[in-house]
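Listed below are the residues making up each chain.
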Amino acid sequence: MRLLSSLYYSLRSPSSLSPKSINRSSLSFFHSTSLSLFMAPAFEDKTGASPENFSTDDVSHKSKVTVVGSGNWGSVAAKLIASNALKLNSFHDEVRMWVFEETLSSGEKLTDVINQTNENVKYLPGIKLGRNVVADPDLENAVRDANMLVFVTPHQFMEGICKSLVGKVRGDVEAISLIKGMEVKKEGPCMISTLISEQLGINCCVLMGANIANEIAVEKFSEATVGYRDNREIAEKWVQLFSTPYFMVTAVQDVEGVELCGTLKNVVAIAAGFVDGLEMGNNTKAAIMRIGLREMRAFSKLLFSSVKDSTFFESCGVADLITTCLGGRNRKVAEAFAKNGGKRSFDDLEAEMLQGQKLQGVSTAREVDEVLSHRGWLELFPLFATVHEICIGRLPPSAIVEHSERKPRLSLVEGSAQYY
Ligand SMILES: NC(=O)c1ccc[n+]([C@@H]2O[C@H](COP(=O)([O-])OP(=O)(O)OC[C@H]3O[C@@H](n4cnc5c(N)ncnc54)[C@H](O)[C@@H]3O)[C@@H](O)[C@H]2O)c1
Ligand SMILES: O=P(O)(O)OC[C@H](O)CO
């Protein structure tokens, strides 16, 4: 990990690059589109702060963070944030985490168990979250004092959560969404960060990346990308809040690009799972990933011409696609679906295999398909369309290869779709 960290610094930090060893064009390659914002927490370490003595007094000037969500990734996000909140002066020690309350098989409430054991025994067993994490089942209470809100729930619950938060959050609150997914409304597709911004009237950045939560929970090295619209200072603050030596965060000015990467890779992961279930091999899986990446970029650029190509080379792009297609939950459940010849539904398999955790890829495939049908783009996106058809049982899993490459290829010239 130390090697990776120094490599990261040498790539990201202009001061560590010798002018003799690197030319101007390669420098601009690293710095033209992405902003290196990793900040060593040592700059503003709290003296004497530790889980044993974290305080809640004299904090009026400090940012107070609430994590809305406490699933697998939500719990890891709370752990990352809690460790930095204890170290950094500009943050209040306590990190509140809203828990969608449930009763465990032991008869205890999940929130009580988290607060007693400091572990989310259902969604992240075996990992201490940090004693400054306070689980709270009351959504309104959890967000009341926060001026930094981290949204991290399965995307299908966000519309209801936003509705119940209208008028309940502080006027000066900043938000970030870690949620990979989108909604489709009558007016068209709506990214989750837009839903949050529009319903609550607040600014919302995004954080996406190659981030399998269980690996970050045990502090294995990974990277992430913050997407921001126009306020670089806020992006810096989010980067600071999440960055640790094992979690390297970079910010890019491309909210839609970052969020669409995180959202669409889940559809490709379902396709990769079908390939695995049918034992088609690595070359086929690589082909599906390449076609999927091409469709991700084309779809993103058709929806938002501002989306940058460079975003697809950040952690949120190709890196997330790779990790998801190798080790994610969408891949795993889609593999089981294909092994069963499509005879057991995704809902069944999800409930059995994930025990409360939620897949995003199947519903995202449906949402993407709605957009494609509505806009007359189905022919342009054979892989996305085929994944949806297989998920709903209209095509067999084997169609993933037969159908994904049978139609005209799509190329993008200056943001518009063209055949080649
Ligand atoms: N788990 C990962 O490795 C990972 C990594 C990066 C991003 N993400 C993304 O983060 C988001 C959240 O994923 P996660 O892994 O934290 O969650 P998860 O899959 O573990 O989902 C379970 C969560 O949903 C909650 N829930 C169930 N019913 C609910 C309801 N009706 N209303 C509100 N909440 C309800 C549960 O209490 C639990 O907290 C998703 O968009 C996912 O794609 C996940
Ligand atoms: O387990 P998945 O398929 O939901 O993917 C998890 C993360 O999004 C990987 O970055």
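Residues numbered from 1 in each chain as written. Chains lettered and ligands numbered in written order. Predicted model: local features only at pLDDT ≥ 70, side-chain atom pairs only at ≥ 80, totals over all residues. Heavy atoms only, no water.

Kindly report on the overall build of the protein, identifying the contributing residues and their values.
A count of helical and extended segments in the protein gives 17 helices and 15 strands. Residues classed as buried in the protein amount to 55% of the 420 residues present. Sequence-distant contacts in the protein: of pairs separated by 6 or more residues, those separated by 24 or more amount to 73%. For the protein, the accessible surface area stands at approximately 18,100 Å², while carbon and sulfur atoms represent 51% of it. (Helix = DSSP H or I, 4+ residues; strand = E, 2+ residues; numbered from the N terminus. Buried < 20%, exposed > 50% of the residue type's maximum accessible area, 1.4 Å probe, protein only. Contact = heavy atoms within 4.5 Å. Areas by Shrake-Rupley, 256 points an atom, 1.4 Å probe, with all protein chains shown as cover.)

Outline empty space enclosed by the protein, supporting the account with residue identities and numerical values.
Counted according to the given criterion, the structure contains one cavity of 30 Å³ or more. By volume, the largest cavity is sized at about 40 Å³. In terms of lining, the largest cavity is formed by Asn-203, Cys-204, Cys-205, Tyr-228, Arg-229, Asp-230 and Asn-231. In terms of residue class, the lining of the largest cavity is built from three nonpolar, two polar and two charged. (1 Å grid on protein atoms, 1.4 Å probe; cavity = no way out; pocket = protein on both sides within 12 Å on 5 of 7 lines; lining within 4 Å. Points joined across faces, edges and corners; volume = space filled by probe spheres on them. Nonpolar A, V, L, I, M, F, W, Y, C, P; charged D, E, K, R; others polar.)

Please set out the layout of surface pockets residue by residue, giving values where relevant.
Within this model, the largest pocket holds a volume of roughly 1,000 Å³. In terms of lining, the largest pocket is formed by 44 residues, of which the most central are Asn-72, Trp-73, Arg-329, Gln-357 and Lys-358. Sorting the residues of the lining of the largest pocket by element identifies helix H3 (72-87), strand S5 (124-128), helix H8 (213-217), helix H10 (255-277), helix H12 (315-327), helix H13 (329-339) and helix H14 (346-354) as the ones contributing at least two each. Sorting elements by how many residues they give to the lining of the largest pocket places H12 first, with four residues.

Run through the site of ligand 2, naming residues and quoting values.
Around ligand 2 lies a shell formed by Lys-180, Gly-209, Ala-210, Asn-211, Ile-212, Lys-265, Asp-320, Thr-324, Gly-328, Arg-329 and Asn-330. For ligand 2, an oxygen atom lies 2.7 Å from a polar atom in the side chain of Lys-265. Side-chain polar atom of Asn-330 to an oxygen atom of ligand 2: 2.8 Å apart, as the coordinates give it. Counting atoms within 2 Å of the grid points, the majority share of ligand 2 lands in the largest pocket. When residues of the shell around ligand 2 are traced back to their parent elements, those giving at least two are H12 and H13. Of the residues belonging to the shell around ligand 2, the class tally is two nonpolar, five polar and four charged. (Near = heavy atom within 4 Å. Polar contact = N/O pair within 3.5 Å; in protein donor to acceptor, adjacent residues only side chain to side chain. Sits in = over half its atoms within 2 Å of the grid points.)

These values are about where atoms sit, not about what they do.
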